[in-house]
Amino acid sequence: MQFLRFFLTNNQKTKVCLITFVLGFFGYLSSQESQKDFWNHVRFGGGLGLNFGDGYFSSTIAPSAIYEFNDAFALGLGLNASFVNLKREYKSTILGGSLIGLFNIVNEVQLSAEFENLNVNTRYNVNLNLPRDNYWVPALYLGAGYRSGNVTLGIRYDVLYDKNKSIYIDPWAPFVRFYF
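Residues numbered from 1 in each chain as written. Predicted model: local features only at pLDDT ≥ 70, side-chain atom pairs only at ≥ 80, totals over all residues. Heavy atoms only, no water.

Q: Quick question: what am I supposed to make of the overall build of the protein here?
A: Scanning the protein from terminus to terminus reveals 3 helices and 8 strands. Listed by position from the N terminus, the elements making up the protein come as α-α-α-β-β-β-β-β-β-β-β. Buried residues in the protein amount to 34% of all 180 residues. Long-range pairs, those at least 24 residues apart, make up 45% of the contacts in the protein between residues at least 6 apart in sequence. Counting every atom, the protein has about 11700 Å² of accessible surface; 62% of that belongs to carbon and sulfur. (Helix = DSSP H or I, 4+ residues; strand = E, 2+ residues; numbered from the N terminus. Buried < 20%, exposed > 50% of the residue type's maximum accessible area, 1.4 Å probe, protein only. Contact = heavy atoms within 4.5 Å. Areas by Shrake-Rupley, 256 points an atom, 1.4 Å probe, with all protein chains shown as cover.)

Structure, rendered in structure tokens:
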């Protein structure tokens, strides 16, 4: 991956991933025979998060939808909205989206690739006279999971992880994925 990082800037990586996804996805959709058939292949899912403690609050809503091309392959889109508040320290709003690819090797084993781009807007304690932070942070997750029915449990790794910019503490992250 260092090879790709050397030749592509973050902005170029975003464009390459987006163009590849859009051309492939809409190329396939244009060949569909009926709109009814299209909706029979769409699955909806996502995640909700809530975390709180002594002076700390965090909430996340992350809906997503995938299109199942067949039993093995699906592509989709996701949205992410998070709010974090640490009393008297900082407030952060995180908004963004993702492109999701899923591949089922066999019914129980699912591989995934997800490109996520988030805008992080953080306001620090005004008493400290610190400027606001506002930046974009890309992530490319490669993952594997065990699938049972509509649920997949697994782990993913962010190959673009930057410890100075990422909103996550570690490039490794467990996940639970639901699609209905």
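Q: What exactly am I supposed to notice about the packing of aromatic side chains here?
A: A full pass over the atoms with the stated rule returns 7 aromatic pairs. The interplanar angle of 70 degrees and the centroid separation of 5.1 Å between the aromatic rings of Tyr67 and Phe69 together place this pair among those described as edge-to-face. Geometrically, the ring pair formed by Tyr90 and Tyr124 is tilted, given 6.5 Å between the ring centres and 55 degrees between the ring planes. Taken together, the residues span a long stretch of sequence, with Tyr90 in strand E4 (residues 90-106) and Tyr124 in strand E5 (residues 109-124) at a distance of 34 residues. Tyr124 gets classed as partly exposed once you look at its relative accessible area, which sits at 29%. Taken together, the ring pairs connect Phe38, Trp39, Tyr67, Phe69 and Phe73 into an aromatic cluster. In this structure, Lys165 is placed above the aromatic ring of Tyr135, and the distance from its NZ or CZ to the ring centre is 4.7 Å. For Arg177, the ring lying beneath its charged end belongs to Phe175, and the centroid distance is 4.2 Å. (Phe/Tyr/Trp six-rings, centres within 6.5 Å; stacked < 30°, edge-to-face > 60°. Lys NZ or Arg CZ within 6 Å of the ring centre and 35° of its normal.)

Q: Is there a simple way to think about the confidence of the model for the protein in this case?
A: Low pLDDT marks stretches whose predicted atomic positions should not be read closely. For the protein, per-residue confidence averages 85 on the pLDDT scale, and 80% of positions sit at 70 or higher. The element-level mean pLDDT for the protein is lowest in helix H1 (residues 2-7), coming to 46, with strand E6 (residues 133-148) highest at 96. Low confidence marks residues 1-8, where pLDDT is under 50. Its contacts with residues over four positions away, or in another chain, come to 8 contacts. (pLDDT = per-residue confidence, 0-100.)

Q: What should I look at first to understand the side chain of Asn125 in this one?
A: Position of Asn125 relative to the elements: it lies in the loop between E5 and E6. A distance of 2.9 Å separates a polar atom in the side chain of Asn125 from the backbone oxygen of Arg88. (Polar contact = N/O pair within 3.5 Å; in protein donor to acceptor, adjacent residues only side chain to side chain.)

Q: Please clarify how the pattern of salt bridges should be interpreted in this entry.
A: Pairs may arise between side chains of opposite charge once their charged atoms sit close together. Within the structure shown, the criterion is met by 2 salt bridges. With a closest N to O distance of 3.3 Å, Glu68 and Arg43 form a salt bridge. Taken as a pair, Glu68 in strand E2 (residues 56-68) and Arg43 in strand E1 (residues 42-53) lie far apart in primary sequence, 25 residues in all. Exposure remark for Arg43: the relative accessible area of 26% places this residue in the partly exposed category. A salt bridge links Glu114 to Arg156; its shortest N-O distance comes to 3.0 Å. Of this pair, Glu114 sits in strand E5 while Arg156 is found in strand E7 (residues 151-158), placing the two residues 42 residues apart along the sequence. Across the pair, Arg156 and Glu114 agree in class, each one buried. (Salt bridge = Lys/Arg side-chain N within 4 Å of Asp/Glu carboxyl O.)

Q: Explain the pairing of E5 to me, please; I cannot follow it from the model alone.
A: Moving residue by residue along a regular strand, the side chains alternate between the two faces of the sheet. Two strands pair when backbone bridges link them, and E4 and E5 are joined in this way by 16 bridges, in the antiparallel orientation. What sits directly across from Thr93, in E5, is Asn121. Counting the residues between successive antiparallel strands, the hairpin from E4 to E5 contains 2 residues. Relative to E6, E5 runs antiparallel, the two sharing 14 bridges. Along E6, the bridge assignment pairs Phe115 with Leu140. (Pairing = 2+ DSSP bridges.)

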